[in-house]
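Survey of secondary and tertiary structure
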Amino acid sequence: EKTSVTLLGLGAMGTALARAWLSAGHPLTVWNRTPARAAALTAEGARVADSAAEAVAANPLIVVCLLDDASVEEVLAGTDLTGRDLVNLTTGTPAQARARAEWARERGARYLDGGIMAVPPMIGVPEAGGYVFYSGSPELFERHQETLVVPIGTTYVGEDAGFAALHDVALLSAMYGMFAGAAHAFALIRKEDIDPAALAPLLADWLVTMAPAVHQTADQLRSGDYTKGVLSNLAMQVAGTPTFLSTAEQQGVNPELLSPYFELMRRRLAEGSGEEGLTGVIDLLVH
Ligand code: NDP
């Protein structure tokens, strides 16, 4: 018998999750602030609750996927969570997740926080490669892992309820850095007779080729030896920065996305770390 699920929140993401559980044969009770979105799922077999409280009373496993932490507070306020397993897939900060875990504990519920590394079309499509970071109650995760993995893969990152959000934000932050670099690259060719569609595959392949450098970074951070295995030392890289800045200037491109990183590299070099690679920059960021 498949585990029954209660799902609160049927936005783009919640609706995708609902469909995945329904098509896998899990009995599903749903509630949404705007009832029309819930009604649309009855034809697919969902049971629609009249209130959040009724939905929470229906099953031991409660999944919420709402806009933000404030909406979670609002929706769960009038519900009885005693003995419930609460899984919160709403994006938030690590601090919000930890506070929500404590809040749930005070109400007699087990708590698992989730950070979704996917967009709605990736839900229910294992080959799309998305997953959800989970952190919080290990008992809850173990008990419901088989149900949680139905819509999308699961990656448990620890008992600290804030760790899922922290991993989520860390990966997305790195993604924005990558997008920033790509934006600068496209800007450099913008006024030239170079097809962006010709640059794109070169760019994508290059980023993929360079990405495994993070393993060396991790190895250096663990050992504390930032010179370990360095092929391109900081002194050489800082000496190369004028080439990047001059090229940007010649192409009429504002260097504001690159400059802050170069500035950190220069500061680290000034501390006498010319034999290191780029790992020392991390220590300048942490205060
Ligand atoms: P949507 O904007 O599509 O849906 C938001 C949901 O929250 C709706 O069900 C809405 O209800 C509900 N809601 C908002 N405010 C309140 C409130 N005050 N009280 C009750 N219900 C409320 O967002 P998504 O479904 O896309 O996202 C849901 C969560 O998933 C977010 O935390 C988002 O960050 C996360 N996520 C989304 C991704 C995406 O690509 N979409 C990717 C990864 C994570 P109503 O229908 O009544 O408006």
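Residues numbered from 1 in each chain as written. Predicted model: local features only at pLDDT ≥ 70, side-chain atom pairs only at ≥ 80, totals over all residues.

Neighbouring the ligand are 21 residues, the closest being G11, M13, R33, T34 and T91. Considering only residue class, the shell around the ligand consists of 10 nonpolar, 8 polar and 3 charged. (Near = placed C-beta within 6 Å. Nonpolar A, V, L, I, M, F, W, Y, C, P; charged D, E, K, R; others polar.)

Time to look at helix α8 (residues 196–210). Under the 1.5 Å per step criterion, the end-to-end length of α8 is 20 Å for 15 residues, consistent within 8% with the ideal 21 Å. By the criterion of burial, α8 is predominantly exposed, with just 0 of the 15 residues buried. (Helix = DSSP H or I, 4+ residues; strand = E, 2+ residues; numbered from the N terminus. Expected span 1.5 Å × (residues − 1). Buried ≥ 20, exposed ≤ 12 C-beta atoms within 10 Å, placed from the backbone.)

The next point concerns the confidence of the model for the protein chain. Taken residue by residue, the protein chain gives an average pLDDT of 97. The fraction at 70 or more is 100%. At the level of chain-chain contacts, confidence expressed as ipTM amounts to 0.99, with global pTM at 0.95. (pLDDT = per-residue confidence, 0-100.)

It is worth spelling out the UniProt feature "domain: NADPH-dependent reductive aminase-like C-terminal" (unreviewed entry) in the protein chain at this point. According to UniProt, the feature "domain: NADPH-dependent reductive aminase-like C-terminal" (unreviewed entry) maps to residues 160–285 in the numbering used here. Annotated as residues 160–285, this span is 70% helix and 0% strand, and its ends, taken at the C-alpha atoms, are 24 Å apart. (UniProt positions renumbered as here; feature names shortened; annotations may be inferred.)

The strand order β3-β2-β1-β4-β5-β6-β7-β8 describes an open sheet built from 8 strands, whose pairing is mixed. Lying at the two open borders of the sheet, with one neighbouring strand each, are β3 (47–48) and β8 (153–156). Sheet topology note: the strand β6 (residues 110–117)/strand β7 (residues 131–136) ladder contains 6 bridges and is antiparallel. The residue of β7 that forms the bridge with D113 is S135. Against the sheet, helix α7 (residues 163–189) engages β6 and β7, with an angle of about 10 degrees to β6. (Pairing = 2+ DSSP bridges. Contact = placed C-beta atoms within 7 Å. Axes fitted to C-alpha atoms, helices over the stretch in contact; angles between N-to-C directions.)

Turning our attention to the pairing of β8. Sheet topology note: the β7/β8 ladder contains 4 bridges and is parallel. Pairing of V132 across the sheet is with T154, part of β8. Following the chain from β7 across helix α6 (residues 138–148) to the adjacent parallel β8, one finds a crossover that is right-handed. (Right-handed = clockwise from strand over helix to strand, strands pointing away.)

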